Amino acid sequence: MAAHPGRRPLGPRLRRHVWAWALFAIMIVIAVVMLYPFWYMADNAFRSPGQFDRQSGHSLAGWSELFANLPVASQMLNSTLVCAAAIAIILVVSTSSGFAFAKLRFRGSGTVFLLVVSALMVPLQSIIIPEYVNLAKLGLTNSYAGAVLVYAALGTPFATFLMATYYRGISDELIEAAIIDGLGYERTFLRIALPLSLPAIATVTVLQFIQIWDDLLVGLLFLPPGQRTITAGLATLSAGRTTSIPALMAGSLISAVPAIVVYLIFQRHLVKGLTLGMGR
Amino acid sequence: MIAAARSRSSRLAARRRRAGILLSLPAVALVVALLGVPIGQAVYYSMTIWNGITATWVGPSAYASTFTDPIFWRVLENNALLLLAVPFAIGIPLVIAALLNEHVRGWRFFRSVYFLPTAISWVVIGMFALRFFSATGVLNQVLAHFGLGPSATDMLAGETSALAALAITFVWSMIGTNTMIFLTGMATLDPTLIEAARVDGLSRWQIFFRVQLPLLTRFVQFAFVITVISAFSALFSLIFVMTGGGPGFGTTTLEFFVYQTGFQQVQFGTGALYGIILFVIMALVGLVQLRLIRPSDGEGW
Amino acid sequence: MSRIELDSVTKRFPDGTTAVRALDLRVGDGELLVLVGPSGCGKTTALRMIAGLEAVTSGTISIDGVVVNDVEPRHRDIAMVFQSYALYPHLSVYENMAFSLRYRGARKSEIQARVAEAARILELEPYLRRKPRELSGGQRQRVAMGRAIVRQPRAFLMDEPLSNLDAKLRVQMRAEIAQLQRSLGTTTVYVTHDQTEAMTLGTRVAVLSGGVLQQVAPPTELYRRPANLFVAGFIGSPPMNLIDARLERGDGGPLVVFGPHRLRVPPSVLAGHSGLDRYLGEPVVVGIRPEHLADAALAGAPPAGPAGGPAPGGPAAGESVIELPISLREELGSEVHLHATIGAAAHAGAAGDGDDVRSLATIVARADPRSRIAEGTIARLVVDAAELHFFDPATGASIRDG
């Protein structure tokens, strides 16, 4: 790309230099494309509607309108609680079953494993109507419980697959050593396998946190309006009560912050989750 | 191997079996109760007229009438058109990953930036895209700046252009995930292969197309499946925020149609039916994935 | 301190393969028994059955006279050292060694004392707080040993414990294990595929092939009196030369004839192998250890004979010397290996599996480094005929007494 065809070749050093700078420039352009939306949100969140129309001047008007129309703090708390509860369930069931499928195979366990993992392919929309009716009949859509259960069920197949893949990488001899040392299989799981799988647990946690925090559909349907998550709250806000773009930009920004922070801290684990997800 | 089954099970083997069943039970119960049972119910209710309380049996003819419904085909057409975005959602990240893999100065920073969309909710992305494509939005300002002002239109107002806007937003959103997949794939390549190719006198582009790309086939397939699945079943939030399915049925995809039919028009039976059709399509994609990934290496999943 | 007994133990896997076939073994109190054989011979499966990790298909395993077939590993009171060491990566050296005792309800002071003692013996004291990944291979191996020692179990089971170490360290650790086992006096079953390791470590060595026990004997016995072709070929390096030959009647006694060569069988050998009588005029497989072939020029003038070692009642003139073309000369410093082409078929396909050196049409002599025999020349080699081995070509069994 940096070379000039037809001309005498540049000196190899100069050529490498030109290539490096051209590449750097391209990277910057892509970075701008990826970051622009965030800059736009940040820029326009600090405006009043009038300032937005003129595209000049900044103020906190957008924020005050956001807080007036959306219970931001309580919805952030809702998101946090729902995430925490769902992730807790996912971790408990996926670590134990992942260990069982990887190291305690019993007759038919391969089939059961395949069944659990293939539930990955079930799109939420395909089951959402009966799911909604079932949970509403059980009265679980009046609290966090319904949404937590649905999120937990949706996250379990992939988490189980990930944990099983991870546990398969632990040597059988290690498990046998614990058995000879006098532990039962359940305690071997708790004392040996579980502590060793902390990296995979971190990966599952990060993946699920981002997934659940960012979800709209379940939050919209399975939570009573007073207990909505921030993402669902923001979406309904945009569909109704306010047309103030600065307020919506402010809401977008603040709702995205936790997931971005988690992403920036645990980026490594996300990538690893992907690698594990491909079956190594 | 502790995994080997026993011809005559010892007490230890019996213990292991018991522990295995015990430990896998919670996950199985959760998945069966909340994903397995509803899919069965959905099949049943798809053949009824159902308002959530009473269901009247219609039978398989419910499907027949759906397949003669022009709106249903309009919706499926939207899905098909969205698939045209898939090559872009794969090609662009592939190039970006190849550039990142050159490891120029600051590549770690760029990597973090490029992966960022993976962390952002589609609601937030839609929120921005709505302003970006609107008549007074950023896109038209940029076009005006380059003297293309008169062509300025609200992309979200026309049926076709709204779908295009949705597709563009979708491609942008997939950049993070797919770049991550390809970069991970490139990291698995043996660097001595590339050195060998260089010694053999191949150019940068030849190395990319003749050496790296063929070795990345598995990752391209994986990204392809992820992207298709997303196109079919992850755009709800984007549509909800950007267009609400409109104008008309211009941006209503099958998954959004399920929501509209079920929860806005309270036709649970028909909504369930659309859900089943979506499920069948996804299952076919899943089968393609198994066929694609299995042969490429024995240990695949 | 205890005895382990295997009675006609068989292991068949669900896929139909029989890993161990009717194995009878007695491991005496305080003994170090080595199970040796090529990979896939069933030695590890046998060890795992003793540990209780593998179920027994038929037969019985008993420890101190009590049948333990249905006893879980944790109640067998045995400790195992794994090939990969299987150290818990998230626990420190101290915790690794203390782990089992803790779960067996030992008192804290007791645990501390035992771990301290093991650490002292194994010179692990400076490393007690480290994690396994911060240790060298040899240190990890010691921790694995330490974990077994602190248990003070009835027996140690070791599954190729040295195979992950480099050659030099392996020799050193081999000596340490031997010393440790002797000083503790704990009954030990040790599995290895390395015959040198087996010979140097074992009180007795059990050779397995294809799931079948070939011979159990002290190392010297195994070397000097291999029970069959498999053991003869497996034990010793370079391996014994095995040649298809005929036993014929000569003037001064029987002759071993292969190709153009003839060796007289000395009366002392005949006396020790009375079974040989029945093979006169019949084919036999004759075995010659490399060290029993020597350069005739160094062994003294040909007629006068004893070579390589004392040969009581030395062979008659001429018949102990064979002339062979030398195809390769390997210098090892302390000795020289001479590869010679023989004008006869090397023995192929013994009773066991016939996949190794035996089928080569060359024989190897381990000669004195001062020998000046060069490649491409015809060499005169003295055979120490008193050390000949004879096997039945059909059964592979050693021919000894009638």
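Below you will find a few notes about this structure. Model, not experiment: these values are computed from the prediction. Within each chain, residues carry numbers counting from 1 in the order of the written sequence. Think of it this way: whatever chain is written first is A, whatever ligand is written first is 1, and the rest follow in order. With pLDDT at 70 or above as the cut-off, local features in this predicted model cover only qualifying residues; side-chain atom pairs require 80 or more to be listed or tallied, and sums for whole chains, interfaces and linings still use all residues. Hydrogens and water molecules were not included; the side-chain quantities draw on all heavy atoms of the structure.

## Here we look at the overall build of chain C
Here a helix means four or more residues in a row that DSSP labels H or I, a strand means two or more in a row labelled E, and each is numbered from the N terminus. Along its length, chain C carries nine helices and 20 strands. Dimensions along the principal axes, computed over C-alpha positions, put chain C at roughly 80 × 45 × 35 Å. Considering chain C as a whole, with its 402 residues, one finds that 54% of them fall into the buried category. Per-residue and other accessible areas were derived by the Shrake-Rupley procedure at a 1.4 Å probe size, with only the shown protein chains allowed to occlude residues. By element, 50% of the accessible surface of chain C is carried by carbon and sulfur atoms, the whole surface being about 16,400 Å². None of His or the chain ends enter the tally, which takes Lys and Arg as positive and Asp and Glu as negative. Every charge is mapped onto a representative atom, which is NZ of Lys, CZ of Arg, CG of Asp or CD of Glu. The average position of the 44 basic charges and that of the 45 acidic charges among the side chains of chain C differ by 7 Å. When a residue's accessible area, from a 1.4 Å probe over protein chains only, is under 20% of the maximum for its type it is buried; when over 50% it is exposed; and in between it is partly exposed.

## Description of the sheet that holds strand β18 (residues 362–367) of chain C
All names here are of chain C. Read across the open sheet, the five strands follow the order β15-β19-β16-β17-β18; overall the sheet is antiparallel. Taken across any chain shown, the strands that pair with only one partner, and hence form the sheet edges, are β15 (293–295) and β18. Pairwise comparison of adjacent strand axes, ignoring direction, gives a mean angle of 50 degrees for this sheet. In terms of strand pairing, strand β16 (residues 321–331) meets strand β17 (residues 336–341) through five bridges, oriented antiparallel. Whether two strands pair comes down to DSSP finding at least two bridges between them. Axes here refer to lines fitted to C-alpha atoms; in helices the fit is confined to the stretch in contact. Angles between the N-to-C directions go from 0 to 180 degrees.

## Examining the pattern of salt bridges
A carboxyl oxygen of Asp or Glu within 4 Å of a side-chain nitrogen of Lys or Arg is what we treat as a salt bridge. Scanning all chains against the criterion turns up 25 salt bridges over all chains. Here Asp181 of chain A ties to Arg151 of chain C by a salt bridge, and the two come within 3.7 Å at their closest N and O atoms. Note that Asp181 of chain A is positioned in the loop between α8 (172–180) and α9 (185–196) and Arg151 of chain C in the loop between α4 (137–150) and β7 (155–159), a pairing that runs across two chains. There is no split in this pair, since Asp181 of chain A and Arg151 of chain C are both buried. Between Glu335 of chain C and Arg366 of chain C there is a salt bridge, with the nearest N and O atoms lying 2.9 Å from each other. Of this pair, Glu335 of chain C sits in the loop between β16 and β17 while Arg366 of chain C is found in strand β18, placing the two residues 31 residues apart along the sequence. Taking relative accessible area as the criterion, Arg366 of chain C reaches 24% and is therefore assigned partly exposed. Taken together, the shared-partner salt bridges in this structure form one network comprising Glu176 of chain A together with Lys11, Arg48 and Glu54 of chain C.

## Observations concerning helix α8 (residues 159–188) of chain B
All names here are of chain B. Any helix carries an expected span of 1.5 Å times its number of residues minus one. With 30 residues, α8 should reach 44 Å at 1.5 Å per residue; the first-to-last C-alpha distance of 43 Å fits that figure. Axes are fitted to the seven residues ending at a residue and to the seven starting at it; the angle between these axes is taken as the bend at that residue. At Ile175, α8 is deflected by roughly 40 degrees, the largest bend along its length. Summarising burial for α8: 22 of the 30 residues are buried, a large majority.

## Some remarks on the environment of Ser173 of chain B
Residues and elements named next belong to chain B. Summarising the element assignment, Ser173 is placed in helix α8. The class for Ser173 is buried, based on a relative accessible area of 4%. Any pair of residues with heavy atoms lying within 4.5 Å of one another is described as a contacting pair. Residues contacting Ser173, with those up to four places away along its chain left out, are Pro117, Trp122 and Ile125. For Ser173, the side chain forms a polar contact with the main-chain oxygen of Thr169, separated by 2.8 Å. Under this definition, polar contacts are N or O atom pairs within 3.5 Å; protein pairs additionally need one hydrogen-donor-capable and one acceptor-capable atom, and for neighbouring residues in sequence, both atoms have to be side-chain atoms.

## Quick look at the interface of chain A and chain B
Contact with chain A, which involves 93 residues of that partner, is made by 83 residues of chain B. Buried area is a sum: the accessible area each of two parts loses on coming together, probed at 1.4 Å, counted once for each and added. Across the chain A/chain B interface, buried area totals approximately 8,300 Å², and carbon plus sulfur atoms make up 79% of it. At the junction of chain A and chain B, the tally comes to eleven residue pairs in polar contact (both at pLDDT 80 or more). Among the residues making up the side of chain A that touches chain B, the classes are represented as 69 nonpolar, 15 polar and nine charged. Each residue receives one of three labels: charged for Asp, Glu, Lys and Arg, nonpolar for Ala, Val, Leu, Ile, Met, Phe, Trp, Tyr, Cys and Pro, and polar for the others, Gly being one of them.

## Quick word on the packing of aromatic side chains
When two rings of Phe, Tyr or Trp (its six-membered ring) have centres within 6.5 Å they constitute a pair, described as stacked for plane angles under 30 degrees, edge-to-face for angles over 60, and tilted for the intermediate range. Overall, the coordinates contain 42 aromatic pairs over all chains when judged by the stated rule. Both rings, one in Tyr132 of chain A and one in Phe263 of chain B, keep their centres 5.3 Å apart while their planes meet at 85 degrees; by these two values the pair is edge-to-face. With Tyr132 of chain A in helix α6 (residues 124–137) and Phe263 of chain B in helix α13 (residues 254–264), this residue pair bridges two chains. Among the aromatic residues, those joined into a cluster by ring pairs are Tyr132 and Phe222 of chain A together with Tyr44, Tyr45, Trp50, Trp57, Phe236, Phe240, Phe256, Tyr259, Phe263 and Phe268 of chain B. Two conditions define a charge sitting above a ring: the NZ of Lys or the CZ of Arg must be within 6 Å of the ring centre, and it must be within 35 degrees of the ring normal. Looking at Arg218 of chain B, its charged tip hangs above the ring of Phe219 of chain B, at a distance of 5.4 Å from the centre. If you follow Arg289 of chain C out to its NZ or CZ, it ends over the ring of Tyr223 of chain C, 3.8 Å from the centre.

These figures capture arrangement, not role.
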